[in-house]
Structure formats: C-alpha cells, structure tokens
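# Structural description and commentary
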Amino acid sequence: MNIREIIDALERFAPLPLQDDYDNSGLQVGTTETEVSGVLLCLDVTRQVVDEAMRNGCNMIVSHHPLLFRPLKRLTDDPIGSIVMDAVRAGITIYASHTNLDNASKGVNMRIAQVLGLQDVRTLDEQPDGNGAGVIGSFAQPITELELLALVKGKFGVTCIRHNAELGRKISRMAVCGGAGAFLTDKAVAAGADAFMTGEIGYHRFFGYDGVIKLIEAGHFESEQYTVDLLADVLHQSFPQLKVIKTECKTSPINYYIG
C-alpha cells in the first residue's frame, strides 16, 4: 500500500474540513505515492522522533500537532527547518491530524471520556453530524472531588494538577477537552457539567467559577497522550498488517520539579 492510502484512512475518520480555521492539519512534508514501510505515531515531531522513525524503518510519521504551524519564510537549520530537511533526506513523509481529530465525533475527546469511564457521552459544542469541540458525559455513580483528582492523576500520569477551589458537592457530569480547551468552559457550565478537565486553562480563566464548576488543568501533553493509541486503532482497523509503532520519545517540552 502507498502513503496516500494511509492518509485516506485517517481522513475518513477525521476529515480535514473538521479542523479549526487557524489549524494546519494534513500533509506536512514528503510525497504520497511511495510504498509505506511503516508508520510512527507521536504527538509532536521532534528530531528524536525522526531518528526513531529511521531506526525502525518507518517512512511515515503521523503526529497530532502539526510540525508546520506557521508559514516558513526560509528553510534553514533552525529547529523546524532542520527537522524538515532531515525528514526529506530520509524519505520520510510527515502528516498531522490535529483539530480535525479533536473535533471528530469519535476522536480525541471521546477517547479521553472512555479513559475516565464516562457514560452517555455526547459532543459538548456540537457541529453537524455529532462532530464538534469537547464532550460531556456522566459517571456511573457520583464521585467526590478528591476521587476525581485522584482518577485524573492515575489515568493520565499527571505529576501536578491545577484546579480551582473546592466545589462542595459530588461530581456526576463531567466535560472534557484535550489540549487548550479553556474556550469551552462556559459551554461546560451551560451543559450542566459539575467538572471540566482540559490541558490548559491559564491563570485568569480560573476566576469566576468557584462554586459553579470544578476546573481541572491536567497539562496539554498529558491530556492528549491517548491520541497515539487512537491513531493506532484507526490504522490497525484499516490495515491489520501495517507496521505501526508508537513513539517512545517524550516529546513534551515541559518538565515538573516536585522536590
């Protein structure tokens, strides 16, 4: 099979028109008519990820975050340009499935809801055909705030969780959005969520929600880590014999000091 067939399968699951206006999902680097030798999956494309693909005989990298987010004015040995040149030299095609995968009805946020054990899950900010930003669902039984924080910490391997003041009631309904999802906070409140978890909230966005909704900031990378598993499932369903490898590189640029 060629790389175009891999891209077609990914875009059947998460069509490119679902991406947000600011985004740059899709083919990033390389050609599409080459026979695929293997696919390496990651959240971010780094030099180490390109090296990993080469070591494992993979001539395609599928990432969640686009390597090329803003137009390149020149191709030099800067951090982005050097990765592009390394990939071209190695004959590696790079493809990104970003906000189109976030907004797909069975995409990133649905996977997060499954990891948390939410039931009766639906899209939070629904667009046509059930696609849209974020999801909301319910726990089988209400849980305490501390139980929720422990659940997030355990499922997502979070070293440090930022959250707002104690809500003072159990959590029954929860909204989630991987990555930078703070823009959905008011949607979560309007939908009746007791809690909202996303990757990034930001200091000022925490104000005004005490006693209204439990806000949980789990980290951008941490909240989206299961995207790699989702991509692997999509490819395995379409191409059972395809060599698919999940990166072993830690691509998050953020580290935590806990003393």
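Just above, that's the structure.
Calculation notes
- Residues numbered from 1 in each chain as written.
- Predicted model: local features only at pLDDT ≥ 70, side-chain atom pairs only at ≥ 80, totals over all residues.
- Heavy atoms only, no water.
- Helix = DSSP H or I, 4+ residues; strand = E, 2+ residues; numbered from the N terminus.
- Contact = heavy atoms within 4.5 Å.
- Polar contact = N/O pair within 3.5 Å; in protein donor to acceptor, adjacent residues only side chain to side chain.
- Core = buried A, V, L, I, M, F, W, Y, C linked by side-chain atoms within 4.5 Å.
- Buried < 20%, exposed > 50% of the residue type's maximum accessible area, 1.4 Å probe, protein only.
- Pairing = 2+ DSSP bridges.
- Arc of directions from axis to C-beta.
- Axes fitted to C-alpha atoms, helices over the stretch in contact; angles between N-to-C directions.
- Left-handed = near helix turned anticlockwise from the far one by under 90°.
- Nonpolar A, V, L, I, M, F, W, Y, C, P; charged D, E, K, R; others polar.
- Disulfide = S-S within 2.5 Å.
- Expected span 1.5 Å × (residues − 1).

### Side note on the environment of Asn 59
Considering the arrangement of structural elements, one finds Asn 59 in the loop between helix 2 (47–55) and strand 3 (60–63). Here the alpha-carbon distance between Asn 59 and Ile 245, two residues 186 residues apart in the chain, equals 12 Å. Discounting chain neighbours no more than four positions away, the residues touching Asn 59 are Ile 3, Thr 34, Glu 35, Val 36, Ser 37, Gly 38, Gly 91, Ile 92 and Thr 93. At 2.8 Å, the side chain of Asn 59 and the backbone oxygen of Glu 35 are in polar contact.

### Thoughts on the nonpolar core
Judged by nonpolar contacts, the single largest core of 47 residues is most densely connected at Val 152 and Met 197. It is helix 9 (residues 227–238) that provides the largest number of residues to this core, a total of six residues. Discounting residues that sit within four places of it in the chain, Met 197 has contacts with Ile 112, Leu 116, Val 152, Phe 156, Met 174, Ala 175, Val 176, Cys 177, Ile 216, Ala 218 and Ser 223. Of all hydrophobic cores here, the second largest spans 17 residues; its members include Leu 40, Val 50, Val 84 and Ile 92.

### Regarding unusual backbone geometry
Residue Asp 120 is not a glycine yet carries a positive backbone phi of 50 degrees. Looking at the secondary structure, you find Asp 120 in strand 5 (residues 119–126). Non-glycine residue Asp 129 carries a positive phi angle of around 65 degrees. Locating Asp 129 in the fold gives a position in the loop between strand 5 and strand 6 (132–143).

### Overview of the pairing of strand 6
Most of strand 6 is tucked away: nine of the 12 residues are buried. Sheet topology places strand 5 next to strand 6; five bridges connect them, and they run antiparallel. The residue of strand 6 that forms the bridge with Gln 119 is Ser 138. Hairpin geometry of strand 5 and strand 6 is characterised by an intervening segment of five residues between the two adjacent antiparallel strands and by a positive phi of about 65 degrees at Asp 129. Pairing between strand 6 and strand 8 (residues 171–177): five bridges, direction antiparallel. Bridging from a neighbouring strand, Val 135 pairs with Val 176 of strand 8.

### Concerning helix 1 (residues 3–13)
Here helix 1 has its buried residues at Ile 3, Ile 6, Ile 7, Ala 9 and Leu 10. All buried residues of helix 1 project into a common sector of 160 degrees when viewed along the axis, lining one side. On its buried face, helix 1 sits against strand 1 (26–29), strand 2 (39–42), strand 3, strand 4 (93–96) and helix 9.

### With respect to the packing of helix 1 against helix 9
Packing of helix 1 against helix 9 leaves a shortest axis separation of 10 Å and a crossing angle of 115 degrees. Crossing hand, helix 1 versus helix 9: right-handed. Contacts between helix 1 and helix 9 involve Ile 6, Ala 9, Leu 10, Arg 12 and Phe 13 on the former and, on the latter, Leu 230, Leu 231, Val 234, Leu 235 and Ser 238. In terms of residue class, the contact of helix 1 with helix 9 is made up of eight nonpolar, one polar and one charged.

### Some remarks on the state of the cysteines
The full count for this structure, using the stated rule, is zero disulfides. Cys 249 supplies the cysteine sulfur nearest to Cys 42, a cysteine that is in no disulfide, at a spacing of 8.5 Å. Residue classification places Cys 249 among the partly exposed residues on the basis of a relative accessible area of 21%.

### A few points about the environment of Thr 198
Inspection of the secondary structure puts Thr 198 in strand 9 (residues 195–198). Sequence separation between Thr 198 and Ala 218 is 20 residues; the distance between their C-alpha atoms is 6.2 Å. Side-chain polar atoms of Thr 198 contact the backbone nitrogen of Gly 181, separated by 2.9 Å.

### A few points about helix 9
Counted at 1.5 Å a residue, the expected span for helix 9 with its 12 residues is 16 Å, and the 17 Å between its end C-alpha atoms agrees. Looking at helix 9, one finds that the buried residues are Thr 227, Val 228, Leu 230, Leu 231, Ala 232, Val 234 and Leu 235.

### Some details on the sheet that holds strand 2
Each strand in a sheet pairs with its neighbour through backbone hydrogen bonds, running either in the same direction (parallel) or in the opposite one (antiparallel). One open sheet accounts for five strands, arranged 1-4-3-2-11; its pairing is mixed. Single-partner strands in this sheet number two, and they are strand 1 and strand 11 (244–246). Mean inter-strand twist for the sheet, computed between neighbouring axes without regard to direction, equals 25 degrees. Sheet topology note: the strand 2/strand 3 ladder contains four bridges and is parallel. In the sheet register, Leu 40 faces strand 3, and the bridge partner there is Ile 61.

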